[in-house]
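Structural overview
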Amino acid sequence: MTGRRGRIEIGRRARGAALVLLLGLGLAGAPSAGGASRPPAFTLSWLAPTPADGKSFTVAVGENLTVPLAVRGRGGSTRIEARSLPLGASLVAGATGNAVLTWTPTQAQLGTRPLVFAGRSLSGQGSTQPRAIFVRVVPAGTPGPHDVVPVGTDGSSRWAYVERAAVARVRPSRGARAITRLATVTPDYTRNLVQVLARQTDLQGRTWYRVRLAVLPNNTTGWVLRGALGSFHSAPRYLVIDRQLFTATLYKRGVAVFRTRIGVGKPYWPTPRGDFYVREVLTGYNDPFYGPVAFGTSARSAVLTDWPGGGFIGIHGTNAPQILPGRVSHGCVRVRNGPISRLLRLMPVGTPIAIR
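Residues numbered from 1 in each chain as written. Predicted model: local features only at pLDDT ≥ 70, side-chain atom pairs only at ≥ 80, totals over all residues. Heavy atoms only, no water.

**A short note on the overall build of the protein**
- On a plain count of helices and strands, the protein comes out with three helices and 25 strands.
- Looking at the protein as a whole, 55% of its 356 residues are labelled buried.
- Counting contacts in the protein only where the partners sit at least 6 residues apart, residues at least 24 apart contribute 67% of the total.
- Total accessible area on the protein stands at roughly 14,600 Å², and carbon and sulfur atoms take up 50% of it. (Helix = DSSP H or I, 4+ residues; strand = E, 2+ residues; numbered from the N terminus. Buried < 20%, exposed > 50% of the residue type's maximum accessible area, 1.4 Å probe, protein only. Contact = heavy atoms within 4.5 Å. Areas by Shrake-Rupley, 256 points an atom, 1.4 Å probe, with all protein chains shown as cover.)

**Here we look at the packing of aromatic side chains**
- This structure, assessed with the given rule, holds six aromatic pairs.
- A centroid spacing of 4.9 Å and a plane angle of 80° characterise the contact between tyrosine 209 and phenylalanine 232, whose relative ring orientation is edge-to-face. With a gap of 23 residues between them, tyrosine 209 in strand E14 (residues 207-212) and phenylalanine 232 in strand E16 (residues 229-235) connect regions that are remote in the sequence.
- Exposure remark for tyrosine 209: the relative accessible area of 10% places this residue in the buried category.
- Taking 5.3 Å as the distance between ring centres and 80° as the angle between the ring planes, the aromatic pair formed by phenylalanine 289 and tyrosine 290 counts as edge-to-face.
- Given the relative accessible area of 1%, tyrosine 290 is considered buried.
- Taking NZ or CZ as reference, lysine 55 lies 5.3 Å from the ring centre of phenylalanine 57, over its face.
- One cation-aromatic arrangement involves arginine 300 over phenylalanine 312; the distance from NZ or CZ to the ring centre is 4.4 Å. (Phe/Tyr/Trp six-rings, centres within 6.5 Å; stacked < 30°, edge-to-face > 60°. Lys NZ or Arg CZ within 6 Å of the ring centre and 35° of its normal.)

**Concerning helix H3 (residues 337-346)**
- All buried positions along H3 are accounted for by Pro339, Ile340 and Leu343. Down the axis, H3 shows its buried residues gathered within 95° of arc, on one side only.
- Turning to H3, the residues buried within the fold contact strand E18 (247-252), strand E19 (255-265), strand E21 (294-300), strand E22 (312-316) and strand E24 (333-335). (Arc of directions from axis to C-beta.)

**Description of unusual backbone geometry**
- Of note, the bond from alanine 48 into proline 49 is cis; its omega dihedral lies within 30 degrees of zero at 10°.
- A positive phi angle, near 75°, is found at asparagine 219, a position not held by glycine.
- Turning to its location among the elements, asparagine 219 is positioned in the loop between E14 and strand E15 (221-225).
- Among the residues examined, asparagine 219 registers a relative accessible area of 36% and is labelled partly exposed.
- With a phi angle near 55°, phenylalanine 246 is a residue other than glycine that sits in the positive phi range.
- Counting through the fold element by element, phenylalanine 246 comes out in the loop between strand E17 (237-242) and E18.
- For phenylalanine 246, a relative accessible area of 1% gives the class buried.

**Here's the deal with the sheet that holds strand E7 (residues 111-121)**
- Strand order across the open sheet formed by four strands is E2-E8-E7-E4, with mixed pairing between neighbours. Only two strands of the sheet have a single neighbouring strand rather than two, namely strand E2 (56-60) and strand E4 (78-83). Pairwise comparison of adjacent strand axes, ignoring direction, gives a mean angle of 25° for this sheet.
- Bridge count between E4 and E7: six bridges; the pairing is antiparallel. Each residue of the ladder has a partner; that of arginine 79, found in E7, is arginine 120. (Pairing = 2+ DSSP bridges. Axes fitted to C-alpha atoms, helices over the stretch in contact; angles between N-to-C directions.)

**A closer look at the pattern of salt bridges**
- Inspection of the entire model under this criterion finds eight salt bridges.
- In this structure, the salt-bridge partner of arginine 83 is aspartate 242, at a minimum N-O distance of 3.0 Å. One end of the pair, arginine 83, is in strand E4; the other, aspartate 242, is in strand E17, with 159 residues separating them in the sequence.
- By relative accessible area, aspartate 242 is classed as buried at 2%.
- In this structure, aspartate 202 and arginine 206 form a salt bridge, with 2.9 Å as the shortest nitrogen-oxygen distance.
- On the basis of relative accessible area, aspartate 202 is assigned to the buried category, the value being 10%.
- For arginine 206, a relative accessible area of 26% translates into the label partly exposed.
- A cluster of three or more residues bridged by salt bridges with shared partners is formed by Arg79, Glu81, Arg83, Arg120 and Asp242. (Salt bridge = Lys/Arg side-chain N within 4 Å of Asp/Glu carboxyl O.)

**Side note on the environment of threonine 220**
- Relative to the elements of secondary structure, threonine 220 occurs in the loop between E14 and E15.
- On the basis of relative accessibility, which here comes to 15%, the residue threonine 220 falls in the buried class.
- Ignoring sequence-local partners within four residues, the contact set of threonine 220 consists of Ile179, Val211, Arg212, Leu213 and Val215.
- Reaching out from threonine 220, the side chain makes a polar contact with the backbone oxygen of proline 217 at a distance of 2.5 Å. (Polar contact = N/O pair within 3.5 Å; in protein donor to acceptor, adjacent residues only side chain to side chain.)

**Some remarks on the nonpolar core**
- Membership of the largest hydrophobic core comes to 22 residues, with the highest contact counts inside it found for Leu239, Ile241, Ile262, Phe295, Ile315, Met347 and Ile353.
- Residue contributions to this core peak at three residues, all from E19.
- Isoleucine 262 has contacts with Ile241, Phe246, Thr247, Ala248, Leu324, Pro325, Gly326, Val333, Arg334 and Val335, leaving out every residue within four places of it along the chain.
- Core analysis: the next-biggest nonpolar cluster, separate from the first, contains 20 residues, Trp46, Phe57, Val67 and Ile80 among them. (Core = buried A, V, L, I, M, F, W, Y, C linked by side-chain atoms within 4.5 Å.)

This is how it looks when you write it as structure tokens:
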């Protein structure tokens with residue numbers, strides 16, 4: 001493993017930014033030839049009534065969502081798997097190759113959540129492409145003046161730059177416990193931004209926004225006052241990463257516009273699972289290890305917490321495409337240089353990321 005000094009030097013060569021704070025997770029010695037834990041081939045197919053890939057469902061709090069799924073195998077038994085279902089949801093298997101998702105969302109689950117499924121042969125020799133559906137949970141009835149209201153339930157999420165340093169709190173109240181302090185710049189000296197999830201007006205008439213935070217534990221959110229954030233920007237795309245099938249799929253308003261095979265973290269340095277966003281896009285550095293571009297995300301390694309900056313997760317290119325797909329990194333997501341160059345044109349900052 002490269003030492004701290006070596007990692008800092010790489011950051012200095014990279015246009016003066018501390019890139020290693022993001023990408024150090026990819027720095028191992030020579031990767032093992034051929035990768036590791038290669039996925040099964042995509043030899044199975046989805047059948048009706050399975051929803052189309054990228055389909056959106058809107059469900060109110062307290063309503064029941066039921067989604068049937070079916071897979072066709074080739075001369076053997078199959079099963080359908082779910083990736084990280086939300087609390088209260090279940091996937092009940094029926095006949096071979098059939099299952100039904102059921103979920104009754106709660107008030108705490110307002111917002112948009114991608115649910116990812118895959119069909120697998122019991123022999124382990126074949127799989128479907130992963131299939132994602134997007135569930136938008138909205139309030140039941142008309143929200144009151146002080147209720148929590150989700151932001152971005154129109155098919156696009158929202159993000160904003162941090163214009164003024166501010167404290168993110170556990171509740172929308174100045175007396176609530178502080179989680180972290182939001183800075184206006186990232187450790188790589190780019191403008192800091194946050195994904196905006198919901199809003200609430202307190203009894204004094206102040207507007208608070210719940211935002212996704214780039215802190216440990218992953219998937220932490222907090223509340224900040226409106227004055228800390230700049231104008232809101234729309235993000236109509238969504239990147240979905242399947243760590244078991246080693247795929248990354250970019251959706252634009254429910255349509256898959258990009259898909260590629262990837263490398264993820266080794267079992268003892270796992271790529272974290274959860275919901276994140278693209279925090280910065282970095283190009284122009286000299287080390288070919290990272291390929292032509294690196295996307296800095298809000299995800300952090302829960303294992304390599306002593307790395308500079310706390311071990312932020314990057315999505316970047318590679319100078320060793322032969323090892324992909326597989327479990328090959330310290331937690332970063334590696335993509336072949338051709339596909340990640342296309343992704344540079346398709347995925348701007350603020351894009352939400354679901355790692356499943």
